Each structure stands twice: as C-alpha cells, then as structure tokens.
Amino acid sequence: MALTLEYHDDYHFKPVWDGTEENLQEIEGFRVEMDIPKNKTWLMPAGDTRETLIEMYPISIEKCMEVGYNWTGRDHIIAYDTKRAV
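Owing to the predicted nature of the structure, the values given are computational and were not obtained by experimental measurement.

Enquirer: Explain the packing of aromatic side chains to me, please; I cannot follow it from the model alone.
Expert: Working definition: an aromatic ring pair is given by the centre-to-centre distance plus the angle between the planes. Within this structure, the stated rule accounts for two aromatic pairs. Consider the rings of F13 and F30, whose centres lie 5.3 Å apart with planes at 45 degrees: the pair is tilted. In this pair, F13 is assigned in the loop between helix 1 (4-7) and strand 1 (16-17) and F30 in helix 2 (residues 21-33), connecting sequence segments 17 residues apart. Classification of F13 by relative accessible area gives buried; the value is 14%. A ring pair is formed by Y57 and W71, whose centres lie 4.9 Å apart and whose planes are at 80 degrees; its orientation type is edge-to-face. With Y57 in helix 3 (residues 50-67) and W71 in strand 3 (residues 70-71), the pair connects residues that are 14 residues apart, well separated along the chain. Its relative accessible area of 17% is what places Y57 among the buried residues. A cation over a ring is seen here: K40 above Y11, with NZ or CZ 4.9 Å from the ring centre.

In structure tokens:
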C-alpha cells in the first residue's frame with residue numbers, strides 16, 4: 001500500500017502541540033521518519049477554549065521560530081470558543 005505522501009507533493013503536516021518537549025520530540029520524530037520538510041510543517045497550539053489558546057499562541061509562535069516550522073492558529077476556537085456544530 002502506497003502512502004499518500006509518496007504520490008502527493010501538495011500536502012501539509014499540521015500537528016497540535018501541547019507545549020511540552022516530549023510532544024515536540026514526537027512531532028519531530030514523525031516528521032523526520034516520514035521525510036516531511038519543515039516548510040510543510042505547520043504547528044498548531046493545543047487548547048479547546050479561547051482562553052487556553054490565547055495563552056498558547058505566543059509560546060507556540062516562538063517555538064516555531066526556534067525550530068523552523070510554520071505556525072497556524074485555530075481560528076474556529078477563537079471565534080466560537082467551546083460552541084460546537086457552528
């Protein structure tokens with residue numbers, strides 16, 4: 001069975017990072033194992049409430065700058081907080 005990454009070059013790896021070094025090592029290990037370039041890696045901050053995300057945004061942005069990943073927010077949670085099915 002062929003991996004999707006083998007026949008698609010237009011993809012993005014978007015893991016959610018919980019702020020721990022252990023989780024970052026897991027993300028990086030997977031990225032390296034799957035041969036995913038850093039420029040296709042977009043780190044998202046963990047958090048399922050607006051308040052948690054606001055705390056995680058600067059931490060995750062700084063980590064992206066440090067390790068060379070792209071950063072993306074989680075606008076749906078910022079906009080709707082804990083509302084579901086909106």
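Enquirer: Got a minute to help me understand helix 2 in this structure?
Expert: Since the α-helix advances by 3.6 residues per turn, residues separated by three or four positions end up pointing in the same direction. Here helix 2 spans 18 Å end to end across 13 residues, near enough to the 18 Å set by a 1.5 Å rise per residue. Of all the residues in helix 2, the buried ones are N23, L24, I27 and R31. Across the axial projection of helix 2, the buried residues extend over an arc of 100 degrees, all falling on one side. Projecting away from the buried face of helix 2 at angles above 90 degrees are the exposed residues E22, Q25, E26, V32 and E33. The elements touched by buried residues of helix 2 are strand 1, strand 2 (42-45) and helix 3. With its phi angle positive at about 60 degrees, D35 sits one or two positions after the end of helix 2.

What counts as what
- Residues numbered from 1 in each chain as written.
- Predicted model: local features only at pLDDT ≥ 70, side-chain atom pairs only at ≥ 80, totals over all residues.
- Heavy atoms only, no water.
- Phe/Tyr/Trp six-rings, centres within 6.5 Å; stacked < 30°, edge-to-face > 60°.
- Helix = DSSP H or I, 4+ residues; strand = E, 2+ residues; numbered from the N terminus.
- Buried < 20%, exposed > 50% of the residue type's maximum accessible area, 1.4 Å probe, protein only.
- Lys NZ or Arg CZ within 6 Å of the ring centre and 35° of its normal.
- Expected span 1.5 Å × (residues − 1).
- Arc of directions from axis to C-beta.
- Contact = heavy atoms within 4.5 Å.

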